[in-house]
Amino acid sequence: MASPFVEAQAERAPDVLARLPGAGLPWLDALRREQLEAFVREGLPGARNEAWKYTALRALERRAFLTGDAEAAARAVDISDFVLPGVDGPRLVFVHGVFRADLSSLDALPEGLRLHPLSQALVEDAEPLRFFLSRGGEQAADAFTRLNAALAGDGMVLRVAQGARIDAPVHLVQIGTPADEDLAWHARNIVELGEDASLTLIEHHVGTGPHKHLGTQVSDIVLHARAKLAWIGLQEAADGALLMRRDRVRLDANAHARVHAMELGGSLVRRELDAELRGEGARLDTRGVFLPGGRQHLDTRLDIRHVAKHTATDALWRGVADQRGRGVFHGAITVAEGADGADAALSNKNLLLSPHAEIDTQPVLEIYADEVMAAHGATVGQLDERALFYLRSRGLPAVAARTLLTLAFCRAALDDLDHEALCEHLGERLAERLPGGETAA
Amino acid sequence: MTAERSDNVATLRENNPEVVEALSRRYGAGFITDIETDSLPPGLNEDIIRALSALKEEPEWMTEWRLEAYRHWLTMPMPDWAKLKLSPIDFQAISYYAAPKNRPKSLDEVDPKLLETYDKLGVPLHERARLAGVAVDAVFDSVSVGTTFRKELAEAGVIFCSMSEAIKEHPELVREYLGTVVPTGDNYFAALNSAVFSDGSFVFIPKGVRCPMELSTYFRINAGHTGQFERTLIIAEDEAYVSYLEGCTAPMRDENQLHAAVVELVALEKASIKYSTVQNWYPGDENGVGGIYNFVTKRGDCRGDDSKISWTQVETGSAITWKYPSCVLRGDRSVGEFYSVALTHHHQQADTGTKMIHVGKGTRSKIVSKGISAGKSSNAYRGLVKVEKGAEGARNYTQCDSLLIGKTCGAHTFPYMEVKNSTAIVEHEATTSKISDDQLFYCRARGLDEENAVSMIVDGFCKQVFRELPMEFAVEAKKLLEVSLEGAVG
């Protein structure tokens, strides 16, 4: 017996599929149908599924969402809702997963950068996307990636030509906004950096008013040899929003990805980052912070695979759980046979600020090679009482002292962020979210 | 290691039969004792369980307890989450009971062949026992063949006997505690064990007694096509203390024999139990043929305030080890410890770790796990630290280090941390690396050959755990590691 969630998606699917951008292309139609059938057949992962051990979907299973938003193009959104300081380059804005040309800025793109919505690419020339879009059925696929592969008709397609260095950061904005019904939207992004190319990408999830929509997003990111990507994610979805994202990153020889993430909003949010270091000398640095408060459930899942020789990972994530918030972190590093010279380090430190908050963390190492340096560490605890005492002895009120120390704890995740104005803004956003932050800031 | 050097070693092996012999000399306990046994026919059903229970002259409640566990077991699937490579186990092909035919009435009547076996294994059962000062319960296949030092222990009020005897002589204690730490339906192998367990040790330390000597059980699988399913129950009443050692060996056979034990520890107020294991079941040969499948459930329950349970294990044997000695820290300020060295070589697979469940206030736990993998083996630490809502001020520290010797082995770490109390502090650290060339070079420059150098480095790597072992065991453990690692370098 399918759950209300699956039923609602399946019931309206034929109608949705017929209207999706790209409908009518035989290979794409077949692929979408196949993925939809697999989704309906298997349903949502249950509590016994190890990958979903700490993120229960029982409540979601009982809810029904309306797929797609016919009024997405007309919904009122103010540009001030998402504009970021110092970020005024190319911009792609989606409301409920639908491209909004009126809010976007695609004029005068720098040389070497090709940037357009997936809906347009599918209509104009879908063939180059076939490789990426056909990747739905890989082994790690779950209900949400399948649903996304079946029903996503829009998203971002970004390509940087070989050797092109793009200075202005590209701003990708996904907006959720109040509607009469609970909506489900799906976005699919494709990012490809040619050899020696470099780019800064800002992925921004915004909620403009209360709603309980479900969004899914799947991104495929390919870094060819020596390409450099700085990728900053700021997730500040609406309090009631549900968001399921999977990012698949492939790094070729000597490619370098720096991934920063700040998880602030949403009620049930999961972000999976699957990275494969498959070229010699590839490197991934990731820093992130998640701040579940209220009744938020924020889940981050890193799956980093070292396949080639002399690859490196450095992951530093911080979590702060307050009120009834729950933070879930899974950081897996696999060093495959033959990936000698791998150097992998992962750290996840967490603070529990309330007696009702919970943190579940699981750092994992799987090592199949011997010339390896691998280490991970994870902690769950409280602020250092001695540090608090020190600050109070210098005249700081208790609340301010706590906020200051918590902020410092989180800011470690922003270290080495090159973009100064953005770094400052993110620091302010952090401070606002922390307990007592409004008064201290 | 350079390619040139490994070539040299290969040539050395070809031209030097002594080296070959040394390399294949590994499992010293692999002999078979030719002794007549009584055994039940292979197979598993309610009749077999009734027959087993009847053979052991058990009371009705015990038979029912077994049958209930068996019925539960039938409804359970074989767990597959540990991703072990194992050939399917045919539970109908195993004989669930094998015992030496001439059951002794006292230690003086023990079959000389049996004594010889334990002598070969270095286990003191007779006069040597007096010198060693350790009370031993020896379990041969399915039954206990003798327990030493009974008189001395009885004077102190300590009960140390086989489980079969305990069921007959102390049924009220067995009924009160059996299955309260590891319930019959706890997991697949615990359910199986509850249905068919044949013997094991029973220890009861009354209130305020500090057990005058170390207690020890020696398990030996001898008969072919059998499994060993022992059940150990240790109870330490208020302010009692006991240190318990467990050792195990089996002959070399091509078949995979099953060992599915359950160990339950109960520590009441201010009681302390120290449980040490040196596990040296037959690991299979260098091609992964044969060896013991070791699926064990060990759990300690710190029921009383200020109680303490400490697990120390050195795991060098078994084709597959699947074992998570755990502590349920229910009493306030109770303490759980887990010290482990797990070494795998050839095709061995070890998946071992612990669970520390913090329930009481101010509970503390410490985990130190050292994994060494060589050959084509796979060695995983899998652990859970759980802090329940009421565990104010709970504290955990976990350290897991893995050492890799060779390019084809795997070393994995799967820690789980679930924290529901904001005053708790949980810390986990893990590293994986190989023996560094610098370390090797230093030792070799001092005149040590490569094998000795590796052995010395491994010894240092494990020191933190060996320190926790009682003296006799520490010496044995160190030797075992050396033997198990032979042929791992080069």
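Residues numbered from 1 in each chain as written. Chains lettered and ligands numbered in written order. Predicted model: local features only at pLDDT ≥ 70, side-chain atom pairs only at ≥ 80, totals over all residues. Heavy atoms only, no water.

Looking at an unreviewed UniProt entry, one finds chain B named Fe-S cluster assembly protein SufB, with Oleiagrimonas citrea as its source organism. One UniProt comment on chain B, placed under Sequence similarities (unreviewed entry), says "Belongs to the iron-sulfur cluster assembly SufBD family." (UniProt positions renumbered as here; feature names shortened; annotations may be inferred.)

The name given to chain A in an unreviewed UniProt entry is Fe-S cluster assembly protein SufD, with Oleiagrimonas citrea as the source organism. Within the UniProt record for chain A, the comment given under Sequence similarities (unreviewed entry) is "Belongs to the iron-sulfur cluster assembly SufBD family."

Trainee: Mind showing me how you'd approach the overall build of chain B here?
Mentor: On a plain count of helices and strands, chain B comes out with 13 helices and 25 strands. Among the 490 residues that make up chain B, the fraction classed as buried is 61%. If you sum the accessible surface of chain B, you get close to 19100 Å²; carbon and sulfur atoms cover 51% of it. (Helix = DSSP H or I, 4+ residues; strand = E, 2+ residues; numbered from the N terminus. Buried < 20%, exposed > 50% of the residue type's maximum accessible area, 1.4 Å probe, protein only. Areas by Shrake-Rupley, 256 points an atom, 1.4 Å probe, with all protein chains shown as cover.)

Trainee: It is not clear to me how the environment of F160(B) should be interpreted in this structure. Could you clarify?
Mentor: Among the structural elements, F160(B) can be located in strand β5 (residues 159–162). On a C-alpha basis, the gap between F160(B) and F202(B) in space is 5.7 Å, while along the polypeptide they are 42 residues apart.

Trainee: Would you mind showing me how to read the side chain of Q399(B) here?
Mentor: Residues and elements named next belong to chain B. Assignment of secondary structure puts Q399 in strand β23 (residues 395–405). Within polar-contact distance, the side chain of Q399 engages the side chain of D401 at 2.8 Å. Setting aside its immediate chain neighbours within four residues, Q399 contacts I367, V368, S369, K370, E429 and Q464. (Polar contact = N/O pair within 3.5 Å; in protein donor to acceptor, adjacent residues only side chain to side chain. Contact = heavy atoms within 4.5 Å.)

Trainee: When you look at the nonpolar core in this model, what are you seeing that I'm missing?
Mentor: Most often, soluble globular proteins have nonpolar side chains that are buried together. With 104 residues, the main nonpolar core has L158(A), V160(A), L199(A), L201(A) and L215(B) as its most contacted residues. When sequence neighbours within four positions are dropped, the list of residues in contact with V160(A) reads G112(A), L113(A), I166(A), E192(A), L193(A), G194(A), A197(A), S198(A) and L199(A). Core analysis: the second largest hydrophobic core is formed by 32 residues, W73(B), A191(B), L192(B) and W322(B) among them. (Core = buried A, V, L, I, M, F, W, Y, C linked by side-chain atoms within 4.5 Å.)

Trainee: Is there a simple way to think about the interface of chain B and chain A in this case?
Mentor: Interface size is commonly expressed as the accessible area that is lost once the parts come together. Contact residues are listed per partner, giving 31 residues for chain B and 36 residues for chain A. Interface area lost by chain B to chain A is led by K407(B), Y416(B) and S422(B), which between them contribute 21%. In this structure, K407(B) and D370(A) form a salt bridge, with 2.9 Å as the shortest nitrogen-oxygen distance. Inspection of the chain B/chain A interface yields 19 residue pairs in polar contact (both at pLDDT 80 or more). Elements represented by at least two residues in the side of chain B that touches chain A include exactly β24 (410–419) and β25 (425–434) of chain B. Residue composition of the side of chain B that touches chain A, grouped by class: twelve nonpolar, twelve polar and seven charged. Two elements, strand β19 (residues 358–367) of chain A and β24(B), share six bridges in a ladder whose sense is antiparallel. The residue of β24(B) that forms the bridge with T361(A) is M417(B). (Buried area = accessible area lost by both parts, 1.4 Å probe. Salt bridge = Lys/Arg side-chain N within 4 Å of Asp/Glu carboxyl O. Nonpolar A, V, L, I, M, F, W, Y, C, P; charged D, E, K, R; others polar. Pairing = 2+ DSSP bridges.)

Trainee: Could you clarify how one ought to interpret unusual backbone geometry in this entry?
Mentor: For residues other than glycine, phi is negative in most cases, and the peptide bonds are mostly trans. Positive phi, normally seen in glycine, also occurs at Q323(A), with a value near 50°. Tracing the sequence through the fold places Q323(A) in the loop between β16 (312–321) and β17 (326–335).

Trainee: In this structure, what is going on with the packing of helix α1 (residues 4–19) of chain A against helix α2 (residues 26–42) of chain A? I would like to understand it.
Mentor: Any two packed helices are characterised by the angle at which their axes cross and by the distance between the axes. All names here are of chain A. In the contact formed by α1 and α2, the axes pass within 10 Å of each other and the chain directions differ by 165°. Here α2 runs roughly antiparallel to α1, going by the angle between their axes. The crossing of α1 and α2 is left-handed. Listed contacts from α2 to F5, V6, Q9, A10, A13 and L17 of α1 are R32, R33, L36, F39 and V40. Here the residues of the contact of α1 with α2 are counted per class, giving eight nonpolar, one polar and two charged. (Axes fitted to C-alpha atoms, helices over the stretch in contact; angles between N-to-C directions. Parallel < 35°, antiparallel > 145°, perpendicular 65-115°, else oblique. Left-handed = near helix turned anticlockwise from the far one by under 90°.)

Trainee: Is there a simple way to think about empty space enclosed by the protein in this case?
Mentor: Remark: the empty space left among the atoms is shown by a probe the size of a water molecule rolled over them. Residues and elements named next belong to chain A. What the rule picks out here adds up to nine cavities of 30 Å³ or more. When its volume is computed, the largest cavity comes out at roughly 110 Å³. As for the largest cavity, its lining consists of 14 residues, and the residues nearest its centre are L31, L133, N148, A149 and R188. Elements supplying a minimum of two residues to the lining of the largest cavity: α2, α4 (118–124) and α6 (143–151). (1 Å grid on protein atoms, 1.4 Å probe; cavity = no way out; pocket = protein on both sides within 12 Å on 5 of 7 lines; lining within 4 Å. Points joined across faces, edges and corners; volume = space filled by probe spheres on them.)

Trainee: Help me out: how do you make sense of the environment of G43(A) in this one?
Mentor: Residues and elements named next belong to chain A. Following the sequence through the fold, G43 ends up in the loop between α2 and α3 (58–61). Since its relative accessible area comes to 17%, G43 is described here as buried. Residues G43 and S3, 40 residues apart in the sequence, show an inter-C-alpha distance of 7.7 Å. Not counting the four nearest positions on each side in its chain, G43 is found in contact with V6 and A143.

Trainee: Would you explain the confidence of the model for chain B in this entry?
Mentor: One rule of thumb: low pLDDT means the predicted coordinates there are not for detailed reading. Averaged over every residue, the pLDDT of chain B is 84; residues scoring 70 or more account for 82%. The low-confidence segment residues 1–25 of chain B, where pLDDT is below 50, has 17 contacts with residues more than four positions distant or belonging to other chains. (pLDDT = per-residue confidence, 0-100.)

Trainee: Would you mind showing me how to read α1(A) here?
Mentor: Along an α-helix, residues three or four positions apart point the same way, because every turn accommodates 3.6 residues. Residues and elements named next belong to chain A. Look at α1: 23 Å from first C-alpha to last across 16 residues, which is about the 22 Å you get at 1.5 Å a residue. The sharpest bend along α1 reaches about 55° and sits at A13, with the proline P14 one to four residues further on. Considering only its buried residues, α1 is in contact with α2, α3, β1 (66–67), α6, β7 (183–193) and β9 (214–223). (Expected span 1.5 Å × (residues − 1). Bend = angle between axes of the 7 residues up to and from the residue.)

Trainee: Is there a simple way to think about the pairing of strand β17 (residues 326–329) of chain B in this case?
Mentor: A regular strand places its side chains so that they alternate between the two faces of the sheet. Residues and elements named next belong to chain B. On β17, burial covers both faces: S326 and V328 on one face and C327 and L329 on the other are all buried. Both strand β14 (residues 291–302) and β17 contribute to a ladder of four bridges, which runs parallel. Directly across from G300, in β17, lies its bridge partner C327. Taken together, the three bridges between β17 and strand β20 (residues 355–358) define a ladder with parallel strand orientation. Each residue of the ladder has a partner; that of C327, found in β20, is M356.

Trainee: Would you take a moment to explain the pairing of strand β12 (residues 262–267) of chain B for this structure?
Mentor: Residue and element names in this part refer to chain B. Of all six residues in β12, six are buried; the element is thus mostly enclosed. Burial along β12 is two-sided: the face carrying V262, E264 and V266 and the face carrying V263, L265 and A267 are both buried. Where strand β9 (residues 231–236) meets β12, six bridges bridge the pair, whose relative direction is parallel. Directly across from R231, in β12, lies its bridge partner V262. Where β12 lies against β14, six bridges are found, and the strand directions are parallel. Bridge pairing in β14 places V263 opposite K298.

Trainee: How should I be thinking about the pattern of salt bridges in this particular structure?
Mentor: Side chains that differ in charge, positive against negative, can pair when their charged atoms come close. As enumerated under the stated definition, the model contains 56 salt bridges over all chains in all. Between D314(A) and R287(A) there is a salt bridge whose closest N-O contact spans 3.3 Å. Taken as a pair, D314(A) in strand β16 and R287(A) in strand β14 (residues 283–290) lie far apart in primary sequence, 27 residues in all. Since its relative accessible area comes to 11%, R287(A) is described here as buried. Across the pair R395(B) and E427(B) runs a salt bridge, and its minimum N-O distance is 2.9 Å. One end of the pair, R395(B), is in strand β23; the other, E427(B), is in strand β25, with 32 residues separating them in the sequence. Taking the relative accessible area as the measure of exposure, R395(B) reaches 33% and is therefore partly exposed.

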